[in-house]
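# Residue-level structural notes
One letter stands for each residue in the lines below.
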Amino acid sequence: MRDMKAFFLHLAVLAALLAALPLLSAYHVTNVAKIMVLAVYAMGYNIAFGYTGLLSLGHALFFAAGLYAAGMGISQFGLGSAGALVAGPVAGGLIAAAVGLLALRTAGVAFMIVTLMFAQAGYLTVLYFVRYTRGDEGIVLDRAARMLGGVDLSGDTPRYLLAFALFAVALLVNLALVRSPFGRVMIAMRENEARSRMLGYNPYTVKLTALVVSGVYAGAAGAAYAVLFGYVGASLASVQYSILPLLYVLLGGAGTVLGPLLGALLMFYLIDYASSATSAYQFIVGAVLVVLVLFAPKGILGTLRERGLRWLP
Amino acid sequence: MAAVILEARGLTRHFGGLKAVDRVDFDLAAGEIHALIGPNGAGKTTFVSLLSGRIEAGAGRILFEGRDITRLPAHARVRRGIAYTFQITQIYAALSVYDNVALAAQSHGSHPLKPAAMEALDRVGLTDRAGQIAGTLSYGHQRLLEVAMGLALKPRLLILDEPTQGLSQGEIEVFNGIVQSVVPAATVLLIEHNMDVVMELAQRITVLNFGEVLATGTPAEIRANPAVQAAYLGA
Ligand SMILES: Nc1ncnc2c1ncn2[C@@H]1O[C@H](COP(=O)(O)OP(=O)(O)OP(=O)(O)O)[C@@H](O)[C@H]1O
Ligand SMILES: [Mg+2]
């Protein structure tokens, strides 16, 4: 029962994340909470890129949509944390739908460029409306605004637990999605679009659906970032934040459910460690990526799947 | 003659100056096996691509089950019941054999999925390879998988583009049996170079040459046609 095996592996990973909480120092609790939020973002990216084959360079726009929907919702429209956490994925999904309707008329390199342009336009919009967004300086959400059911989300433990809850839901939904008939169609679209069309699947609607799901994930991660870390700034909408999930996914394994978490975890600590050791940490990150592309182009879990763990979803 | 399931009128497609398909009129009777033959480059693949919607028509009209499908995109035509198997094998090489047919079966809306997919594999004799990665199949088996995907779509019209290319004699016999089992519930349009297969299966034959219909008729009529002999059979 390979389905069962996969399901229990994912439950075990979740259990490990929960069990780690009392064992980690405050510093690492904050880090891992952030990693789980970024992993949700990367999982969303993976649904578009890893499973459906849509190489987007504009996902920061969807992340930022959730981030600002939550941040500005709280700071300017009196939204509570719960409302902000709902507004985020809705905003991410809507923006992804709007971008997808236009960008999915293109494919390949053109799609990369069009999505990049949309995200740049979003970034510049944030900077332009500095009166509302506070631009680069950003919005800092105060503690009082980050309560959920009487719990202060800025505390280490509640923050970790909420990030974990979001991550757990996202992971299990991701697993169910890629195991579903629609998940099979997404993969089919990635593998051979012409063939899929001749099996009766409309490539445009399949890709649009996948992109919207991807946007919902990115928006949820953005909103969680705002609520849990209390900061909403333009740098989080910049092109770097479009590249980041791509790197996580490539490192962990595109088209694997656990790849985004693994990639986010390793890349986060690699940058953390390298930047404490040298000011040229970007060089180390670059070197790791080159090694990866040369020796394990399918990422860590993608390579493991090829070498025997075929049941890995 | 039985009801017409598909009719093409004045169907045309040029590539630059090349008249790949030129003002073709064509009728398919419901439930027949109709072979489309002609020399290399005659326009056979282009013609059926116009029928399946893979290529857009330059001019002309296509009616399928009485409805105009000329402007319908390919995927919508598949949903209406027109299945096309590629001349150049187009399977999902990285996916399992089972996933390949399951994608076809679920497109047709087969429920439950697994028995429907397995039945299609069974008909081409690939049941025990269901778990194998499709790209690792032998060439002949890949061709049969392509046919199984067509069957799993449960089409009204099955278009097969040179399905027996690269098949062994034994596999060709299996294939002939499959095609005969599809009719008369569905209709088959078969592009085929192997004349033994054509003569065994086809009730009617259309000969294309330089993008035009040279002749249409029963196998006996086609064999006796002097223009066909000159242009194609050559002997
Ligand atoms: N996309 C295309 N662009 C330009 N020319 C094309 C294109 N597709 C086909 N042709 C040309 O149109 C003509 C008909 O090609 P087609 O593939 O339909 O022939 P065919 O009868 O299927 O041949 P074969 O028996 O070799 O499969 C050929 O001269 C071919 O080179
Ligand atoms: Mg051909």
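Residues numbered from 1 in each chain as written. Chains lettered and ligands numbered in written order. Predicted model: local features only at pLDDT ≥ 70, side-chain atom pairs only at ≥ 80, totals over all residues. Heavy atoms only, no water.

### Points about the environment of Val32 of chain A
All names here are of chain A. Which entries qualify depends on this criterion: Helical segments are the DSSP runs of H or I of at least four residues, strand segments are the runs of E of at least two, and each set is numbered from the N terminus. Throughout, exposure labels follow a simple rule: accessible area from a 1.4 Å probe, protein chains only, divided by the maximum for the residue type, with under 20% read as buried, over 50% as exposed, and the rest as partly exposed. The contact criterion used is simple: two residues touch if any of their non-hydrogen atoms lie within 4.5 Å.
Mapping Val32 onto the fold places it in helix 2 (residues 26-51). You can call Val32 buried: its relative accessible area is 9%. Sequence-wise, Val32 and Gly93 are 61 residues apart; in three dimensions their C-alpha atoms are separated by 26 Å. Among all residues touching Val32, those that are not within four sequence positions of it are Leu17, Leu24, Tyr160 and Tyr269.

### With respect to the confidence of the model for chain B
What counts here: Per-residue confidence from the predictor is reported as pLDDT, a score between 0 and 100.
A residue-level look at chain B finds 97% of positions with pLDDT of 70 or above and a mean pLDDT of 91. Listed scores for the predicted complex are pTM 0.91 and ipTM 0.90.

### Side note on the coordination of the magnesium ion (ligand 2)
All names here are of chain B. Worth spelling out the cut-off: Ligating atoms shown are N, O and S within 2.8 Å of the metal, or 3.2 Å for Na, K and Ca, and water is not included, meaning a site may look less than complete.
Around the magnesium ion (ligand 2), the donor atoms from the protein are Thr45 (OG1) and Gln87 (OE1), and they sit 1.9 to 2.2 Å away. Of this pair, Thr45 sits in helix 1 (residues 44-52) while Gln87 sits in the loop between strand 6 (82-85) and helix 3 (97-107), and the two are 42 residues apart along the sequence. Of the residues examined, Thr45 reaches a relative accessible area of 24% and is grouped as partly exposed.

### What about the packing of helix 8 (residues 181-191) of chain A against helix 3 of chain B?
Helix-helix packing: each pair is described by the crossing angle between the helix axes and the interaxial distance. Formally: Lines fitted to C-alpha atoms define the axes here, with helix axes fitted over just the stretch in contact, and angles between the N-to-C directions of these axes take values from 0 to 180 degrees. Our angle categories are set so that under 35 degrees counts as roughly parallel, over 145 as roughly antiparallel, 65 to 115 as roughly perpendicular, and the remainder as oblique. In this scheme, a crossing is called left-handed if the near helix is turned counterclockwise away from the far one by less than a right angle; it is called right-handed if the turn is clockwise. Throughout, the ten residues Ala, Val, Leu, Ile, Met, Phe, Trp, Tyr, Cys and Pro are labelled nonpolar, Asp, Glu, Lys and Arg are labelled charged, and all others, Gly among them, are labelled polar.
Relative to each other, helix 8 of chain A and helix 3 of chain B sit at 110°, their axes nearing to 10 Å. Considering the angle they form, helix 8 of chain A stands roughly perpendicular to helix 3 of chain B. With respect to the hand of their crossing, helix 8 of chain A and helix 3 of chain B are arranged in left-handed fashion. Of the residues in helix 3 of chain B, those in contact with Pro181, Phe182, Arg184, Val185 and Ala188 of chain A of helix 8 of chain A are Tyr98, Asp99, Ala102, Leu103 and Gln106 of chain B. Considered class by class, the residues forming the contact of helix 8 of chain A with helix 3 of chain B number 7 nonpolar, 1 polar and 2 charged.

### What to know about the site of ligand 1
All names here are of chain B. So the rule is basically this: We call a residue near a molecule or strand when any one of its heavy atoms sits within 4 Å of it. As used in this structure description, the phrase polar contact means that two N or O atoms lie within 3.5 Å; if the pair is within protein, one of them must be able to donate a hydrogen and the other to accept it, and residues adjacent in sequence are counted only when both atoms belong to side chains. Accessibility throughout is a Shrake-Rupley quantity obtained with a 1.4 Å probe, and a residue counts as covered only by protein chains that appear here.
Close contacts around ligand 1 come from 14 residues, with Gly41, Lys44, Thr45, Thr46 and Gln87 the closest. Between ligand 1 and Thr46 there is a distance of 2.5 Å, counted from an oxygen atom to a side-chain nitrogen or oxygen. In the model, an oxygen atom of ligand 1 is placed 3.1 Å from a nitrogen or oxygen of the His193 side chain. Taking 630 Å² as the accessible area of ligand 1 by itself, protein coverage stands at 61%. Counting only elements with at least two residues in the shell around ligand 1, the list comes to strand 2 (18-29) and helix 1. The biggest single contributor to the shell around ligand 1 is helix 1, with 3 residues.

### A short note on the layout of surface pockets
Residues and elements named next belong to chain A. As a reminder of what qualifies: Of the two site types, the cavity is a set of points on a 1 Å grid over the protein atoms alone where a 1.4 Å probe fits but cannot get out, and the pocket is an open set with protein on both sides within 12 Å along at least five of seven lines, each lined by residues with an atom within 4 Å of a point. Grid points are joined across faces, edges and corners, and a volume is the space filled by probe spheres set on the points.
Its boundaries defined by the atoms lining it, the second largest pocket holds a volume of some 460 Å³. Lining of the second largest pocket is provided by 15 residues; of these, Gln240, Leu244, Ile271, Tyr281 and Gln282 occupy positions nearest its centre. Those elements giving two or more residues to the lining of the second largest pocket turn out to be helix 2, helix 11 (240-252), helix 12 (259-277) and helix 13 (281-295). Looking at the lining of the second largest pocket, the element that brings in the most residues is helix 11, giving 6 residues.

### Here's the deal with the UniProt feature "transmembrane region" (unreviewed entry) in chain A
Residues and elements named next belong to chain A. Formally: UniProt positions are given in the numbering used here, feature names are shortened, and annotations may be inferred rather than shown by experiment.
In the UniProt entry, the feature "transmembrane region" (unreviewed entry) is given for residues 50-70, 82-103, 109-130, 160-178, 208-234, 246-271 and 283-304. End C-alpha atoms of residues 50-70 are separated by 27 Å, and the span's content is 67% helix alongside 0% strand. Measuring from the first to the last C-alpha atom of residues 246-271 gives 15 Å, for a span that is 77% helix and 0% strand.

### Some words on the nonpolar core
For clarity, the threshold we go by: The criterion is simple. A nonpolar core is a set of buried Ala, Val, Leu, Ile, Met, Phe, Trp, Tyr and Cys residues joined through side-chain atoms within 4.5 Å. Boundary definitions for the domains trace back to an automatic or database domain assignment.
Counting residues in hydrophobic clusters, the biggest one holds 175 residues, and the most contacted among them are Phe167 of chain A together with Phe47 and Leu145 of chain B. Both domains that furnish three or more residues to this core are identified here as domain 1 (1-81 + 157-235) and domain 2 (88-154) of chain B. With residues up to four places along the chain from it excluded, the contact list for Phe167 of chain A reads Leu14, Leu17, Met36, Ala39, Val40, Met43 and Leu261 of chain A. Core analysis: the second largest hydrophobic core is formed by 9 residues, Ala35, Val198, Ile205 and Ile222 of chain B among them.

### Concerning the packing of aromatic side chains
Note the cut-off: Here a pair means two rings of Phe, Tyr or Trp (six-membered ring of Trp) with centres within 6.5 Å. Their orientation is stacked below 30 degrees between planes, edge-to-face above 60, and tilted elsewhere.
Applying the stated criterion across every chain yields a total of 11 aromatic pairs over all chains. Seen from their ring centres, Phe268 of chain A and Tyr269 of chain A are 5.7 Å apart, and the 75° between their planes marks the pair as edge-to-face. Phe268 of chain A gets classed as buried once you look at its relative accessible area, which sits at 18%. Overall, Tyr269 of chain A belongs to the partly exposed group, its relative accessible area being 22%. With a centroid separation of 5.1 Å and 70° between ring planes, the pair formed by Tyr84 of chain B and Phe86 of chain B is classed as edge-to-face. Here Tyr84 of chain B falls in the buried class, since its relative accessible area comes to 2%. An aromatic cluster is defined as three or more aromatic residues linked by ring pairs; in this entry it consists of Tyr41, Phe63, Tyr225, Phe229 and Tyr241 of chain A.

### Remarks on the interface of chain B and chain A
Defined as follows: Buried surface area refers to the total accessible area, computed with a probe of radius 1.4 Å, that the two partners give up upon joining, counted for both partners together. One speaks of a salt bridge when a side-chain nitrogen belonging to Lys or Arg is within 4 Å of a carboxyl oxygen belonging to Asp or Glu.
In this complex, chain B contributes 28 residues to the contact, which on the side of chain A involves 19 residues. Counting each side, the surface lost to burial between chain B and chain A is near 1900 Å², with a carbon and sulfur contribution of 58%. A per-residue breakdown of the area chain B buries against chain A is headed by His75, Tyr92 and Gln106 of chain B, which together make up 32% of the total. Joining chain B to chain A, the criterion identifies 2 salt bridges. Here Asp99 of chain B makes a salt bridge to Arg184 of chain A, at a shortest N to O gap of 2.9 Å.

### Describing the pattern of salt bridges
A complete count under the given rule lists 14 salt bridges over all chains for this structure. The salt bridge partner of Arg195 of chain A is Glu146 of chain B, with a shortest N-O separation of 2.3 Å. A residue pair is termed interchain when its members come from two chains, as with Arg195 of chain A in helix 9 (residues 193-197) and Glu146 of chain B in helix 5 (residues 139-152). Connected through shared salt-bridge partners, Glu7, Arg9 and Asp27 of chain B make up one network.

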